[in-house]
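Given next are the chains, with one letter for each unit.
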Amino acid sequence: MHLSEQEIIRRQSLEELQKLGIEPYPAELFEVNVSAREIHANYPNQKIEYKDVSIAGRIMTRRVMGNASFAELQDETGRIQVYFRRDDICPGEDKTLYNTVFKKLLDIGDIIGVKGFVFTTQTGEISIHVTSFKVLAKSLRPLPIVKETKDEQGNVVLHDAFTDPEQRYRMRYVDLTVNPHVRDAFIKRTQLVNSMREYLAGKGYLEVETPILQPLYGGALAKPFKTHHNTLDMTLYLRIANELYLKRLIVGGFNGVFEFSKDFRNEGMSRFHNPEFTQVELYVAYKDYNWMMELVEEMIEKVALDLHGTTQVTVGENLIDFKRPWKRFTMFEAIQNYTGIDISNMDEAALRDACKQLHVPQDATMGKAKLIDQIFGEKCEPQIIQPTFITDYPVEMSPLSKKHRSKPGLVERFEAICNRKEISNAYSELNDPIDQRRRFEEQLEAGKRGDEEAMALDEDFLRALEYGMPPTAGLGIGIDRLSMIMTNSPSIQDVIFFPQMKPEKAAEPVDAEKEFLAAGIRPEIIPIITKLGYHSLAQLKATKPTKLFNDIPGMRKKLKLDAVQNPTLQEIEGWLS
């Protein structure tokens, strides 16, 4: 493992702490009785005196000024200034805890616990006067330090901010530490789920759990992830949806069931798609899709009010209003409205011609359903900003939905579209086992034509339907996409703590000796430099020449290389230039 100069210094500090008998990673608990936010909220006007506080957090800034110092601690709720005075920390003659431990061996990023009392400094800043402190975790890697300056107009300018998206998503722990505002989206996401759970439970519906590993995948048109169970010696799939299991529970006699589920689809990735995603699915007996539309409106309106106190939510440049009722189009009405073409009576050949006319991509594997979906996805969805229900889909597009009661060739289905993307999908569920078998068989034919997202035929689910499933309304809502809207986040990766990422590229192997020789370093000095922890020219160049000038002779002596002549400062400067 190649370490930077800072990482080497921090490991040396770790060793020094241990030599002083201080455990850098103690096992015992540290009692916390207050947070930074509580102090800032209550101490003004001395609502609470806070004479005996105990708080823990990460050191984010330090100002060492001889016998007294200031630092900023960051806990889960925010930052607070802490004041260290040498004689309060070390009331006896031994001043090691302040002079050595605090001043020399602690770094930005270290986690400490402090005890003391709250006061206001002469500049009016609420602070904690520290009477004792304890090292709780030594940070061996330096944090990215975000610096603030002001321009000529007085605007705050950030320098060295941790903003690279790939690094932020890959190292979320650093992102959350140095960009605390990032937490807000995840807090709102949890509030969103809690709001929906409260609403559904309040209706008397039962929250359940269904299998993630399934012998057959179903409930959606999607490509699955495949795995193998060694003991059973069988292929299993990560679920693409939990629909078919929840419907089995309706068959079993539950009137309403829902599940917040992790689902997995082996498809493309984008700022709207992650292969592992969260959705809530709800099934209610004796209801239909018209009833379910009203439930969705009511529930999402409640979510907006719970999160924002208003039905209006700013998303990018748009102000989206979730107040009921929402706009409604049938699928064919939407396509005619946004393209000017009526496709309601078109066969597959005519649909292909319409795709050409509209410059919509198509290929030979697409049947009638896929072509309609492609036209809608390309020409309609990108224009829908306000929450809108798209209803009454062609039967070919919905293998699990009940045929429309009055419109031949269509099914009772709706999708809610908002901010150009689908956020929910719902049906009057198909409960005719004979019709369901025929639809599954049509899906098998689509699979033979090359459609990798076609459904499998699930005999056990068909057997369940043959025992009788009452008329049922079903719903799925994508939690990730709804969270994007409710938190004004431009990417799905911004509302998933640990999104799927490409493998991190390993650093190219470095031939350190070759680099050092090319830089003009004498061969006999290379073992000394390596022993000091420098394994690349880049590491060496990040070090001050004067430090190397002081360190190399000491290591030469330690290695007993008396015959090696120490480099001059000018020689070292030559290596680094």
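The coordinates are above.
Residues numbered from 1 in each chain as written. Predicted model: local features only at pLDDT ≥ 70, side-chain atom pairs only at ≥ 80, totals over all residues. Heavy atoms only, no water.

This part takes up the packing of aromatic side chains. Scanning the model with the defined rule gives 15 aromatic pairs in all. Taking 5.1 Å as the distance between ring centres and 45° as the angle between the ring planes, the aromatic pair formed by Phe 70 and Tyr 83 counts as tilted. You can see Phe 70 sitting in strand E2 (residues 68-75) and its partner Tyr 83 sitting in strand E3 (residues 78-85), a full 13 residues away along the chain. By relative accessible area, Phe 70 is classed as buried at 16%. On the basis of an interplanar angle of 70° and a centroid distance of 6.2 Å, the ring pair of Phe 102 and Phe 133 is categorised as edge-to-face. Of this pair, Phe 102 sits in helix H4 (residues 96-105) while Phe 133 sits in strand E5 (residues 126-137), and the two are 31 residues apart along the sequence. Looking at Phe 102, the relative accessible area reads 0%, which means it is buried. The ring of Tyr 245 has Arg 248 lying over it, and the distance from NZ or CZ to the ring centre is 4.6 Å. When the ring centre of Phe 272 is taken as reference, the NZ or CZ atom of Lys 421 above it lies at 4.7 Å. (Phe/Tyr/Trp six-rings, centres within 6.5 Å; stacked < 30°, edge-to-face > 60°. Helix = DSSP H or I, 4+ residues; strand = E, 2+ residues; numbered from the N terminus. Buried < 20%, exposed > 50% of the residue type's maximum accessible area, 1.4 Å probe, protein only. Lys NZ or Arg CZ within 6 Å of the ring centre and 35° of its normal.)

Let us look at helix H9 (residues 289-308). Under the 1.5 Å per step criterion, the end-to-end length of H9 is 28 Å for 20 residues, consistent within 8% with the ideal 28 Å. Where H9 begins, one side-chain oxygen reaches toward the backbone nitrogen of Asn 290, 3.2 Å away; that side chain belongs to Asp 288. (Expected span 1.5 Å × (residues − 1). Polar contact = N/O pair within 3.5 Å; in protein donor to acceptor, adjacent residues only side chain to side chain.)

Glancing now at the nonpolar core. Ranked by size, the top nonpolar core spans 40 residues in total, and within it Met 196, Phe 322, Leu 475 and Met 486 carry the most contacts. Ranked by residues supplied to this core, first place goes to H9 with 10 residues. When near neighbours in sequence (up to four residues on either side) are disregarded, Met 196 contacts Phe 260, Val 280, Met 299, Val 303, Ile 477, Ile 479 and Leu 482. Membership of the second largest hydrophobic core comes to 29 residues, among which are Ile 39, Ile 89, Phe 102 and Phe 133. (Core = buried A, V, L, I, M, F, W, Y, C linked by side-chain atoms within 4.5 Å. Contact = heavy atoms within 4.5 Å.)

This part takes up the packing of helix H7 (residues 182-202) against helix H15 (residues 479-486). For the pair H7 and H15, interaxial distance at closest approach is 10 Å and the crossing angle is 120°. Relative to H15, the element H7 is oriented oblique. As for how H7 packs across H15, the hand of that crossing is right-handed. Across the interface between the two elements, Lys 188, Arg 189, Leu 192, Val 193 and Met 196 from H7 touch Ile 479, Asp 480, Leu 482, Ser 483 and Met 486 from H15. Residues belonging to the contact of H7 with H15 are distributed by class as follows: six nonpolar, one polar and three charged. (Axes fitted to C-alpha atoms, helices over the stretch in contact; angles between N-to-C directions. Parallel < 35°, antiparallel > 145°, perpendicular 65-115°, else oblique. Left-handed = near helix turned anticlockwise from the far one by under 90°. Nonpolar A, V, L, I, M, F, W, Y, C, P; charged D, E, K, R; others polar.)

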